[in-house]
Amino acid sequence: MDIQLDPARDDLPLMANTSHILVKHYVLDLDVDFESQVIEGTIVLFLEDGKRFKKQNSSVEEACQSESNKACKFGMPEPCHIPVTNARTFSSEMEYNDFAICSKGEKDTSDKDGNHDNQEHASGISSSKYCCDTGNHGSEDFLLVLDCCDLSVLKVEEVDVAAVPGLEKFTRSPELTVVSEEFRNQIVHELVTLPANRWREQLDYYACCSQAPGCGELLFDTDTWSLQIRKTGAQTATDFPHAIRIWYKTKPEGRSVTWTSDQSGRPCVYTVGSPINNRALFPCQEPPVAMSTWQATVRAAASFVLMSGENSAKPTQLWEGCSSWYYYVTMPMPASTFTIAVGYWTEMKMETCSSNDLATERPFSPSEADFRHVGVCSHMEYPCRFQNASATTQEIIPHRVFAPVCLTGACQETLLRLIPPCLSAAHSILGTHPFSRLDVLIVPANFPSLGMARPSKDKTGHTSDSGASVIKHGLNPEKIFMQVHYLKGYFLLRFLTKRLGDETYFSFLRKFVHTFHGQLILSQDFLQMLLENIPEEKRLELSVENIYQDWLESSGIPKPLQRERRAGAECRLARQVRAEVTKWIRVNRRPRKRKRREKEDVFEKLLPDQLVLLLEHLLEQKTLSPRTLQSLQRTYHLQDQDAEVRHRWCELIVKHKFTKAYKSVERFLQEDQERPQRDSFIRLLLAWGTRLELTLDIKGGIMWLLKPSAHSPVHVLVLLFPRGWSQPGTHKRQILVNAASLPGGCLLPWIWSGAALGF
C-alpha cells in the first residue's frame, strides 16, 4: 500500500477507511522529551463500525433535546481495581514496565472551574521494542487503516475492556455471558453512545479502559502514509476489536510539530498547522467526517503543557523537574483540530483587574443540572453550550495568556487589555461562545501558518468506497503556503459585507453560527443560507454558482477585487509610497561626490504595509548601490520590522549582493521561515546567482549563513548532520555541492534529502 508522491505534482492522500469504521474517542498518554525531540507513549482508540454508526445516526432525530437536567439513574462507576498485569507475559522479546491502573473512577475529577486533578490521571508509560509479524496472513481479514506518517509504531494490541469492574452493566444482551469479542465490542458500543449528560462518567470509564490489560496483540504494518491493523479471523468491521492500544513514538523530523526555541531562547514544541495535520503526532482518522472526542495525559519537564481541551489543566508534579497535565474534549471534532504546545512560558496576568471584568468573566463548567432545552441543535449529541442558558449569556469566557517572560511588558500593555473586549464583541455579533475557555500563546516568529490548512470536502478529490481520498496540492509547498484560499476568502467576506451592509450581514452570521454549530459544512452551505436570508433587492444577481466561479474556482484576482485594487492605487497611502520611491531612485542615481549646497531628501515615516509596497517597487530597479541600501536600512530600521517587510528587505540584499547585511538574511531564514517557505526563498537566491554557505541541522533547519570567499568555486556549501545526531560538535560531515554540476539545476532536492546524500 506504500504510495510515493511527487510534491510538485501529486496530492496528499487520506488513507483512513472511515466508511467502514470510525474512531469515536482517543485516549493519549504521552511523554515529551526535549533532549531527543521525541514524544512517546500510547494511544487507545474506541471504535464504532460504520454500519452501526449510520443506523444510529439515521434514528437520532432529537439530538440535544432530551431532558438532561434529570438525575441520572445509572450511578458513577465502581472503583477500577484491575489487577496489574505483568506486560512481560505477552512476549519474551518485550522490554517495558508494568501497567499503572487508575483506581479512582468513582470520583468526580473536576473542580468548579472544570479543572481536573491530574493526580488521578498521572499513569506510567510502557514502551516496547517488539513489533508484530507484518506478513501477509490472507486478504479475508478486515483491515483498519489509520492516517499516519513519520511515526515509529512499536506494538498494537486489543484492550480487555471487560476487565474493568462495572462495565459489564453495559451489555444489554442476556445471552452474552462469556467474555468474547462480541461481549467486549458491546461494552464499547454502550460506552461511546452514553447520553451527553453522562459525559463525566464516560470520561472516567474511558480512562479506566485505556489502562486495562491487553488481551492479544494485533498484526500491523506501516507505509509512508498509513498504519494498517488486522486481527486474524476478524473478517468485518463488526468483528474487529473496538478498543485497541497503540504503542508508538514520534520522530524528530516529523512534520506535525516544530521543535524550536521561544523568544527567550528556551526549548519548546508545538503543533504548527502542518499540511499533514497531526499524522506525525499520533495515528488518527484524518478525513473531517471522522468526528471524535479525546482526553490526554502529557508529562514533560516544562513550565506548561497547553492543549485544545475544554478544561484549564493544572500541573501535577510527579518528581522534581517533571509534571503531568490532563486535558479533555467532549465536543466531537476532526482529529486535525487537536493542538499541543509544550514549553517554558509564563502565564501573563493583569496587575489590576476591574470589578466589571471580574463580574463578567465568570468560570463556567457544564454539569448535569445545567442543561436545559434552549433550542434545537442539529449536530450529534454532546454537552452543547447552546443548550445552556448560563452559557448563552456569558460574554467573556475564561481565558489565559502565555508568553516568554521577555514579553511580559508587551502583554501587560496591550494584549491582556485587548482580549476581553474582543471576546465581548464576538459574543455580541455571533452569539454563544461554542467553547468554554480560551488559551492564547505567543509563539515564535517562525510559526509558519496563517491558518490551519485542514482537509475539507471542498478541497478533497475522489473519495473511494472505504472513505479514503486526497487533498489537491496537499504536498506542494508552493501551493499550500501561498495562503491564497485564506486571502481570497477574506476578501470574499469583505465584498459580501459591503454589498449587503453590516446589519444584514452580521445578523446572518449570528443565525448561521447558531444553526450550524458543531457540524461539518461546505462553502456552498454558507453561501446558500446567506442568499436565502437576504432581501431580493440586495442580491443584485448574486448566486452560489457565480460566486463559486468568480471567487473559489478561478485563478487570479477576482474582478471585484481588481476594480477595488485600481481604486486603491489612487488612495493617499499609495500615492505617498510612490513619492518615496521617486526619492529613493533619485538618491540612487546621485554620484558619490555631490555639491555641498545640494539639498538632502527628507523621507516620510511609513506604515508596515507601505514599507512592503515601497520595497516591492525598489525590487523592480535593476541596480541599487550599497550606499543606497545602507541608507534604506538606516532610514526605516528594516532589521527591526515585521517578517513581511524583512522578507522584501532580504530579497533586496541578495539581489544586489549587499554582503554587509547578510546577517539579516541569516536571521530571517532561521527565525521567520519554515522549510517550505525557506525552500522557495533559497530558489530565489540561487536564481539570482547568490553565493551561499548554509549550515543545516538534522531537520533541515538553517543554523547559519555566510558568504564564501570570492575565490571559492563553491556555489553552495551545506553542512548536514547524520540521522540521530543531537550533540553539537559530534559526527559532522561536510557536503560540497556545485550547482552547475547538478542535473537540470535541481539543487534543493539534493540539499534537503539526507538519503540522497548518503545519510
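Residues numbered from 1 in each chain as written. Predicted model: local features only at pLDDT ≥ 70, side-chain atom pairs only at ≥ 80, totals over all residues. Heavy atoms only, no water.

Asks: Please explain the overall build of the protein chain as it appears in this structure.
Replies: Broken down by element type, the protein chain carries 20 helices and 24 strands. Looking at the protein chain as a whole, 50% of its 759 residues qualify as buried. The contacts of the protein chain with a sequence gap of at least 6 include a subset with a gap of at least 24, amounting to 73%. When the accessible area of the protein chain is evaluated, it comes to approximately 36,500 Å², of which 52% is carbon and sulfur surface. (Helix = DSSP H or I, 4+ residues; strand = E, 2+ residues; numbered from the N terminus. Buried < 20%, exposed > 50% of the residue type's maximum accessible area, 1.4 Å probe, protein only. Contact = heavy atoms within 4.5 Å. Areas by Shrake-Rupley, 256 points an atom, 1.4 Å probe, with all protein chains shown as cover.)

Asks: For this particular structure, what's the right way to read the sheet that holds strand β18 (residues 399–403)?
Replies: Pairing between the strands of a sheet is mediated by backbone hydrogen bonds and can be parallel or antiparallel. Here 3 strands make up an open sheet; going across it, the order is β17-β18-β19 and the pairing mixed. A strand with exactly one partner marks an edge of an open sheet, and here the two such strands are β17 (346–348) and β19 (438–441). Strand-to-strand, the axes of this sheet are offset by a mean angle of 30°, without reference to chain direction. With 3 bridges connecting them, β17 and β18 associate as antiparallel partners. (Pairing = 2+ DSSP bridges. Axes fitted to C-alpha atoms, helices over the stretch in contact; angles between N-to-C directions.)

Asks: Could you clarify how one ought to interpret the packing of aromatic side chains in this entry?
Replies: The geometry of an aromatic ring pair comes down to the distance between the two centres and the angle between the two planes. Counted according to the given criterion, the structure contains 21 aromatic pairs. Each ring, one from Y26 and one from F282, has its centre 5.6 Å from the other, and the planes form 65°; the classification is edge-to-face. In this pair, Y26 sits in strand β2 (residues 21–33) while F282 sits in the loop between β11 (267–271) and β12 (292–300), placing the two residues 256 residues apart along the sequence. Y26 gets classed as buried once you look at its relative accessible area, which sits at 2%. On the basis of relative accessible area, F282 is assigned to the buried category, the value being 2%. Here F508 and F512 contribute two aromatic rings whose centre-to-centre distance is 5.8 Å and whose plane-to-plane angle is 40°, an arrangement assigned as tilted. Note that F508 and F512 are positioned in helix α9 (residues 502–516) at a spacing of 4 residues, about one turn of the helix. (Phe/Tyr/Trp six-rings, centres within 6.5 Å; stacked < 30°, edge-to-face > 60°.)

Asks: So what exactly am I meant to see when it comes to helix α17 (residues 643–655) here?
Replies: Note that an α-helix has 3.6 residues per turn; residues three or four places apart therefore point the same way. Its 13 residues give α17 an end-to-end C-alpha distance of 18 Å, which sits within 8% of 18 Å, the value for a rise of 1.5 Å per residue. Taken residue by residue, α17 has V645, R646, R648, W649, C650, E651, L652, I653 and V654 as its buried positions. Its side-chain oxygen placed 3.2 Å from the backbone nitrogen of E644, D642 serves as the N-cap of α17. (Expected span 1.5 Å × (residues − 1). Polar contact = N/O pair within 3.5 Å; in protein donor to acceptor, adjacent residues only side chain to side chain.)

Asks: Even after reading the chapter, I still don't get the sheet that holds strand β7 (residues 219–222), so can you show me in this structure?
Replies: The strand order β4-β8-β7 describes an open sheet built from 3 strands, whose pairing is antiparallel. Both edges of this open sheet fall to β4 (143–147) and β7, since each of them pairs with a single strand only. With direction set aside, neighbouring strand axes in the sheet form an average angle of 20°. As judged from the 5 bridges shared by β4 and strand β8 (residues 226–230), these two strands associate in the antiparallel manner. What sits directly across from V145, in β8, is Q228.

Asks: How do you make sense of the pairing of β18 when you look at a structure like this?
Replies: Consecutive side chains of a regular strand alternate in pointing toward one face of the sheet and then the other. Counting buried positions over the 5 residues of β18 gives 5, a clear majority of the element. On β18, burial covers both faces: H399, V401 and A403 on one face and R400 and F402 on the other are all buried. For the handedness criterion, the β-α-β arrangement of β18, helix α6 (residues 408–430) and β19 is classed as left-handed. (Right-handed = clockwise from strand over helix to strand, strands pointing away.)

Asks: Where do I start with the nonpolar core in this structure?
Replies: If you look at soluble globular proteins, the nonpolar side chains tend to sit buried side by side. Ranked by size, the top nonpolar core spans 62 residues in total, and within it Y26, I229, I246 and F282 carry the most contacts. The dominant element in this core, judged by the number of residues it contributes, is β2, at 6 residues. The contact partners of Y26, leaving out residues within four places of it in the chain, are I43, V44, L45, F282, P283, C284, Q285, S292, T293, W294, Q295 and A335. V577, F658, F668 and L669 belong to the second-largest nonpolar core, a separate cluster that totals 29 residues. (Core = buried A, V, L, I, M, F, W, Y, C linked by side-chain atoms within 4.5 Å.)

Asks: Help me understand the pairing of strand β9 (residues 243–250), please; the structure alone is not making it clear to me.
Replies: Where burial is concerned, most of β9 is hidden: 7 out of the 8 residues are buried. Bridge analysis of strand β5 (residues 151–159) against β9 gives 7 bridges, and the strand direction is antiparallel. Residue pairing across strands places E157 opposite R245, the latter belonging to β9.

Asks: Just checking my understanding: could you explain the side chain of Q633 for this structure?
Replies: Its location among the elements puts Q633 in helix α16 (residues 626–636). Residue Q633 is classed as buried on the basis of its relative accessible area of 19%. The contact partners of Q633, leaving out residues within four places of it in the chain, are L638, Q639, W649, F658 and S664.

Asks: Whenever I open this one, a nonpolar patch on the surface confuses me. Can you help?
Replies: A cluster of nonpolar side chains, contributed by I429, L430 and F506, occupies part of the molecular surface with about 200 Å² of accessible area. Summarising the element assignment, I429 is placed in helix α6. (Patch = residues over 30% accessible without salt bridge, like charges linked within 9 Å, V, L, I, M, F, W, Y side chains within 5 Å. Salt bridge = Lys/Arg side-chain N within 4 Å of Asp/Glu carboxyl O.)

Asks: Honestly, the packing of helix α10 (residues 523–532) against helix α12 (residues 544–552) in this entry has me stumped. Any pointers?
Replies: Think of two packed helices as two axes; the pair is described by the angle between the axes and how far apart they sit. One way to put it is that α10 packs onto α12 with a least axis distance of 10 Å and a crossing angle of 130°. The angle between α10 and α12 places the two elements in the oblique class. Our pair here, α10 against α12, has a crossing hand that is right-handed. Where α10 abuts α12, its residues S523, Q524, L527, Q528 and L531 lie against V544, I547, Y548 and L552. Across the contact of α10 with α12, the residue classes tally to 6 nonpolar, 3 polar and no charged. (Parallel < 35°, antiparallel > 145°, perpendicular 65-115°, else oblique. Left-handed = near helix turned anticlockwise from the far one by under 90°. Nonpolar A, V, L, I, M, F, W, Y, C, P; charged D, E, K, R; others polar.)

Asks: Explain the environment of Y326 here, please?
Replies: Mapped onto the fold, Y326 is located in strand β15 (residues 322–333). Along the primary structure Y326 and L306 are separated by 20 residues, whereas in three dimensions their C-alpha atoms are 9.7 Å apart. Polar side-chain contacts of Y326 include one of 3.0 Å to the side chain of Q295.

Asks: Explain the environment of L281 to me, please; I cannot follow it from the model alone.
Replies: As for its placement among the helices and strands, L281 is situated in the loop between β11 and β12. With 57 residues separating them along the chain, L281 and F338 place their C-alpha atoms 9.8 Å apart. With near-sequence residues (within four places) excluded, L281 lies in contact with I39, L151, Y248, T250, S256, V257, T271, F338 and I340.

Asks: Whenever I open this one, helix α14 (residues 572–589) confuses me. Can you help?
Replies: Compared with an ideal rise of 1.5 Å per residue, which puts 18 residues at 26 Å, α14 spans 26 Å between its outermost C-alpha atoms and is within 8% of the ideal. The complete set of buried residues in α14 reads A574, V577, E580, V581, K583, W584, I585, V587 and N588.

Asks: Whenever I open this one, the confidence of the model for the protein chain confuses me. Can you help?
Replies: Low pLDDT means the predicted coordinates in that region are not meant to be read closely. Counting all residues, the mean pLDDT for the protein chain is 74, and 65% of those residues have values of 70 or more. When mean pLDDT is taken per element in the protein chain, β9 scores highest with 98 and helix α20 (residues 748–752) scores lowest with 32. When the criterion is pLDDT under 50, residues 450–460 qualifies, and its contacts beyond four places in sequence or with other chains add up to 36 contacts. Per-residue pLDDT stays below 50 along residues 695–759; that stretch engages in 128 contacts with residues further than four places along the chain or on separate chains. (pLDDT = per-residue confidence, 0-100.)

Asks: Got a minute to help me understand the pattern of salt bridges in this structure?
Replies: Oppositely charged side chains are able to pair whenever their charged atoms sit close together. Evaluation of the coordinates by the stated rule reveals 15 salt bridges. The closest approach of N and O atoms between K155 and E157, which form a salt bridge, is 3.2 Å. Accessibility assignment for this pair places K155 and E157 in one class, buried. Of the charged contacts, one joins R648 and E644 as a salt bridge, the two residues approaching to 2.7 Å between their closest N and O atoms.

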